[in-house]
Structures are given as structure tokens and as C-alpha cells.
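Read off the chains here:
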Amino acid sequence: MSRCQQVARPIVRSLRQGRQSQSLVRQFSLTTIRNDENTTVQQPGSGASDPGLDATLLGQKGASTDDFEKFAAEALSPSLGSRRRRAALATATQVPFEQMPYQCFQEARKILNQDREEKIAQIIAQTEKIKRIEATDPSVYRGGEEYKQRRIQSLRKEIEELKILADINDPAVKRRFEDGLGDMNKPIYRYLANRKWRSMDYKIIVQRINQFHIIPDILPKFDPTMDVKMSFRGYKTNPGAILDSRMTEVPPTLKMQVFDKGERLLTVVVMDADVPDVERDGFSRRCHFLAANIPWTPTDTQLPLRWVGGGRTPGDLAVPWLPPFAQKGSPYHRLTVFVMEQKAGEKLDEAKLKELYGSEEGRRKFSIKGFRDKFGVTPVGFNLFRTVWDENTASVMERHGIPGADIELRPQRVHSLKPHRKQRGWEAKRQKPKYKSLWKYTKRIKNF
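Residues numbered from 1 in each chain as written. Predicted model: local features only at pLDDT ≥ 70, side-chain atom pairs only at ≥ 80, totals over all residues. Heavy atoms only, no water.

Spanning 13 residues, helix H9 (residues 187–199) covers 18 Å between terminal C-alpha atoms, matching the ideal 18 Å at 1.5 Å per step. The inward-facing, buried residues of H9 abut helix H7 (144–167), helix H8 (171–178), helix H10 (201–211) and strand E1 (227–232). (Helix = DSSP H or I, 4+ residues; strand = E, 2+ residues; numbered from the N terminus. Expected span 1.5 Å × (residues − 1). Contact = heavy atoms within 4.5 Å.)

Before going further, it helps to spend a moment on the confidence of the model for the protein chain. Averaged over all residues, the pLDDT of the protein chain is 81; the fraction at 70 or higher stands at 77%. In this model, residues 21–64 is a region of pLDDT below 50 whose contacts with residues beyond four sequence positions or in other chains number 48 contacts. (pLDDT = per-residue confidence, 0-100.)

Moving on: the pairing of strand E9 (residues 378–387). In terms of burial, E9 is a largely internal element, nine of the 10 residues being buried. The pairing of strand E8 (residues 333–341) with E9 spans nine bridges and is antiparallel. For Val339, the partnering residue across the bridge sits in E9 and is Gly381. (Buried < 20%, exposed > 50% of the residue type's maximum accessible area, 1.4 Å probe, protein only. Pairing = 2+ DSSP bridges.)

The next thing to look at is the pairing of E8. Burial analysis of E8 places eight of its nine residues in the buried class, which makes it a mostly covered element. Bridge count between strand E4 (residues 264–277) and E8: seven bridges; the pairing is antiparallel. From the neighbouring strand, Val269 faces E8, where its bridge partner is Phe338.

The full count for this structure, using the stated rule, is 13 aromatic pairs. One aromatic cluster is present, built from ring pairs that chain together Tyr357, Phe366, Phe371 and Phe375. Sitting over the face of the ring of Trp307, Arg312 holds its NZ or CZ atom 3.7 Å from the ring centroid. (Phe/Tyr/Trp six-rings, centres within 6.5 Å; stacked < 30°, edge-to-face > 60°. Lys NZ or Arg CZ within 6 Å of the ring centre and 35° of its normal.)

A few words on the pattern of salt bridges. A side chain of one charge can pair with a side chain of the opposite charge when the charged atoms of the two come close. Enumeration according to the criterion identifies 22 salt bridges in this entry. For Lys119, the salt bridge goes to Asp115, with nearest N and O atoms at 3.0 Å. Highlighted residues: Lys119 and Asp115, both in helix H6 (residues 103–135), separated by four residues, approximately one helical turn. Residue Lys119 is classed as buried on the basis of its relative accessible area of 14%. A salt bridge links Lys229 to Asp227; the shortest N-O distance between them is 2.6 Å. Judged by its relative accessible area of 33%, Lys229 is partly exposed. (Salt bridge = Lys/Arg side-chain N within 4 Å of Asp/Glu carboxyl O.)

Here we take up the sheet that holds E9. Read from one edge of the open sheet, five strands run E7-E5-E4-E8-E9, paired in antiparallel fashion. Unpaired on one side and paired on the other, strand E7 (316–319) and E9 mark the two borders of the sheet. The mean inter-strand angle of the sheet, taken between neighbouring strand axes irrespective of direction, is 15°. Seen against the sheet, helix H12 (residues 350–357) touches strand E5 (282–296) and E7 and runs at an angle of roughly 15° to E7. (Axes fitted to C-alpha atoms, helices over the stretch in contact; angles between N-to-C directions.)

The subject of this paragraph is the nonpolar core. Ranked by internal contacts, the top residues of the largest apolar core, which has 27 residues, are Leu290, Leu353, Ile368 and Phe371. When residues of this core are traced back to their parent elements, those giving at least two are H10, E4, E5, E7, E8, H12, helix H14 (368–375) and E9. In this structure, Met226, Ile294, Leu305 and Trp321 belong to the second largest nonpolar core, which totals 24 residues. (Core = buried A, V, L, I, M, F, W, Y, C linked by side-chain atoms within 4.5 Å.)

We now examine the packing of H7 against H9. Packed helices, taken two at a time, are described by their axes: the angle between them and the distance between them. The contact between H7 and H9 brings their axes to 8 Å, and the two run at 80°. On the basis of their axis angle, the class for H7 and H9 is roughly perpendicular. Seen from H7, the contacting residues are Glu160, Lys163, Ile164 and Asp167; seen from H9, they are Pro187, Ile188, Arg190 and Tyr191. Residues belonging to the contact of H7 with H9 are distributed by class as follows: four nonpolar, no polar and four charged. (Parallel < 35°, antiparallel > 145°, perpendicular 65-115°, else oblique. Nonpolar A, V, L, I, M, F, W, Y, C, P; charged D, E, K, R; others polar.)

Moving on, we get to H8. Within the span of H8, buried status applies to Pro171, Ala172 and Val173. Where the residues of H8 are buried, they touch H6, H7 and H9. N-cap assignment for H8: the residue whose side-chain oxygen lies 3.1 Å from the backbone N of Ala172 is Asp170. (Polar contact = N/O pair within 3.5 Å; in protein donor to acceptor, adjacent residues only side chain to side chain.)

Here we come to unusual backbone geometry. Here the amide bond leading from Ile215 into Pro216 is cis, since omega sits at 10°, within 30 degrees of zero. Within the secondary structure layout, Pro216 lies in helix H11 (residues 214–217). One non-glycine residue with positive phi stands out, namely His213, at about 55°. A residue is classified by how much of its surface remains accessible, and His213, at 47% relative accessible area, is partly exposed. Not every positive phi belongs to a glycine, and Asp281 is a case in point at roughly 55°.

To continue, consider the side chain of Ser330. Within the fold, Ser330 resides in the loop between E7 and E8. Among the residues examined, Ser330 registers a relative accessible area of 12% and is labelled buried. There is a polar contact of 2.7 Å between the side chain of Ser330 and the backbone oxygen of Gln327. A polar contact is formed between the side chain of Ser330 and the side chain of His333, at a distance of 3.5 Å.

Here you go:
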């Protein structure tokens with residue numbers, strides 16, 4: 001018997017008893033039973049019970065975990081959460097989640113409520129302490145105003161941690177978070193979202209940063225602190241994937257999530273880090289998109305780049321979208337998407353950005369590191385995709401007036417600098433026509 005079947009066994013037993021006696025179902029109600037309420041008792045052979053469901057949930061002979069998974073996939077909604085809760089909700093829709101008929105569950109809820117009341121009392125005490133410190137003259141403290149503000153910040157940070165500890169074990173909070181109904185304005189849901197992101201997606205992004213040498217090719221050091229996902233034409237893309245030119249012809253839609261409270265202004269930059277430079281026999285960079293002064297809060301989720309600057313999405317568009325392209329024969333191009341946070345309350349000058357990077361020459365001279373140092377922004381989010389020459393690249397370049405579709409890059413042959421060495425040994429001895437029948441056994445015969 002699997003673990004999920006063991007858990008589902010008492011649920012089915014409780015519901016069977018509820019069908020036979022309605023008083024057991026109303027054991028959490030303080031009101032009397034209405035006279036006009038009809039009680040229904042299952043008769044043997046009536047077909048009201050589903051033998052397949054009972055066998056699957058109770059683990060009778062012939063039931064298996066695969067049967068349970070198949071039943072859960074067909075009969076239950078996949079958005080309800082874990083298998084345990086899906087089975088409970090599908091068979092006990094009349095019982096509220098907080099009143100599940102488990103004595104251990106209800107006793108645990110009492111302990112959790114008591115612990116939450118203690119955390120709330122600590123929050124109130126810390127809040128009163130902050131008020132007293134704010135009302136105190138800074139000259140009383142040895143460190144003056146600096147010590148006073150540092151002390152207030154420390155207490156506020158402790159209050160935020162207490163808010164998380166007060167709800168971290170609440171099953172109702174976890175249920176709402178699993179269902180995607182959590183309010184990101186609350187610290188507990190931001191904490192759970194951050195923990196979920198760092199469990200896998202953060203590791204993948206850091207792996208791509210190291211794998212494609214984003215550090216140190218573009219930035220000397222960088223650690224993302226916000227979740228940035230990307231989709232083209234409604235299709236989600238994995239970080240570092242090679243995409244078709246037709247798909248990247250339109251700007252992507254970014255799904256971003258921040259994990260700290262408050263509103264901030266963001267700058268989004270898309271840059272090609274592998275533009276071939278034939279004259280220098282190397283690579284340069286090119287800016288494909290630049291938008292600044294985009295307000296963002298923890299409750300915001302999606303940012304369609306095609307709407308930025310058009311009035312539908314707030315923000316200033318400095319450099320419009322340029323479809324990524326790669327000439328024939330060049331290696332793959334790394335298209336990096338950087339989300340940078342601006343200084344609090346400071347907006348970037350749109351006219352200055354257009355003057356610096358709006359022209360073709362400005363696009364080629366763009367640098368993430370130089371942009372960061374010049375305007376004082378901080379990179380917080382990252383994603384990337386790759387592009388190569390394909391059968392649609394030439395048509396995309398022609399539609400957008402991009403020259404260079406007829407250029408093919410070929411690697412130059414590097415000749416050896418070692419002097420010519422006269423052949424010797426077995427091969428040199430048997431180069432004469434006398435040994436022509438043996439030439440097929442060697443690779444170093446002259447004019448082979």
C-alpha cells in the first residue's frame with residue numbers, strides 16, 4: 001500500500017459514515033438539524049458507491065498507485081495541489097478545509113494558533129519599541145542619529161521575520177500559495193515564492209551564467225535576485241535555448257517576480273554579446289532593446305516589451321526592438337536580457353538615452369558594464385537565448401531592412417609555422433613505384 005493510499009483510507013471511512021448518518025457530517029455545527037433536511041441512506045446495490053474509487057483509495061486488492069494517479073489525472077483538477085489534498089477535496093467537498101475530520105489535525109491547528117498569537121505579541125512589542133526610539137532624542141545615544149536609524153532598521157527587519165514565522169506553518173496559507181492565490185504584498189507569500197524560485201529556477205540561471213561565460217565576458221560579477229522568465233509568441237523558452245528567427249522577430253514577454261516589498265523603477269536591456277568584427281578579428285556588442293523607468297511592484301507579473309512606450313504599459317522606450325540575427329558561418333549569438341533596478345526615486349533621461357544609443361553607431365557601442373556605471377543602475381534579473389543562421393534569417397533581415405544577409409563568414413586556414421621536415425623511415429623508403437601496392441596502407445605518402 002502506497003503512502004497516498006494510507007492517507008486516503010480514513011477520509012473514505014469518515015465519508016461513508018457521513019452518508020449513513022447525517023449527524024456525523026454536522027459535528028462541527030452549533031445549530032440544530034432542520035426538519036426539512038432530507039437524509040439519504042445508501043441502499044445496497046443502489047450503485048451510489050464507486051467500487052473503483054473505493055478500491056483505489058482504500059488500497060484493496062487489485063488497486064495500485066498507477067490506478068490512483070490515472071484517476072487523479074482524469075477526475076481531479078490538476079490545480080488543486082498535492083495528491084493527498086486532491087483526494088480529500090474530491091470526496092469531502094462539504095467539509096471546510098479548516099474543519100477536516102482529523103483529531104490530530106485539529107490539535108495541531110490549536111498549537112499553531114497559539115504560536116501565531118505569541119509571534120503577534122512579539123510584533124506588537126517590537127512596534128512599540130520602534131515608536132519609543134523614534135520619539136527619543138538622538139543625542140541620548142552614543143552613536144547619535146546614525147545609531148538611532150541603524151537600530152530602527154534592525155527592529156523593522158526583525159518584525160518582517162516575525163511576520164513570516166507567524167504564518168509559515170499555517171496550512172491555509174500553504175494551500176493558497178499552492179493554488180496561486182497568495183497576496184504578494186504579504187511577506188509570507190514573497191518568502192515562499194523566493195524559496196520556491198531558489199530551489200530550482202535560480203540554480204538553472206546561475207548555471208547558464210557560468211556555462212555561457214556571462215561572467216566575465218559581460219560583467220565581472222553578478223548574482224540575480226529576481227525571477228525573470230521569457231516567452232515569444234506565447235511559447236515559453238528555456239534559458240539558453242536556440243530559437244528560430246521568425247519567433248524572435250517580435251519582442252518577447254517577460255514574466256518577472258520580485259521578492260521584496262515596495263515599488264521600484266526598472267530598466268530592461270536586450271544585448272547581443274557576439275557580433276562578429278571582421279576588421280579586428282573578434283567580437284563586439286550590439287543593443288537590441290532598451291526601455292527605462294518601468295514601475296514594478298511585487299503584485300506585477302508580466303511585461304510585454306512590445307507595449308512599452310506605446311501608452312499601454314508605463315515606461316520610456318529608448319531603443320526599439322531589433323530582431324536578432326546571425327550571419328551565415330558565424331557561431332551562435334548570445335542574446336542577454338538584463339533587468340536592472342534604478343536608484344530609488346530617480347528616473348533616467350529618455351532623451352539622453354536616445355541620443356547615446358538610438359543610432360546604429362550607438363547600438364554597436366553599447367556595453368552593459370558601461371551603462372551600469374554611467375547611470376548607477378543595479379542588475380537584478382537575467383535571462384538569455386541564442387540565435388543562429390537558419391532558413392528564415394534572410395527573409396527576416398530583408399523585412400526589417402537589415403543589411404548583410406548575403407555575407408558568409410568562413411574560417412581562415414591557419415598554416416603551421418614549423419619548417420618542412422623530410423620524410424623518413426618506412427614511408428620514405430617505400431615511396432617508389434615499386435611499392436605502389438602498399439600505398440593504400442599509409443596516409444603520409446607523397447601525392448596520396
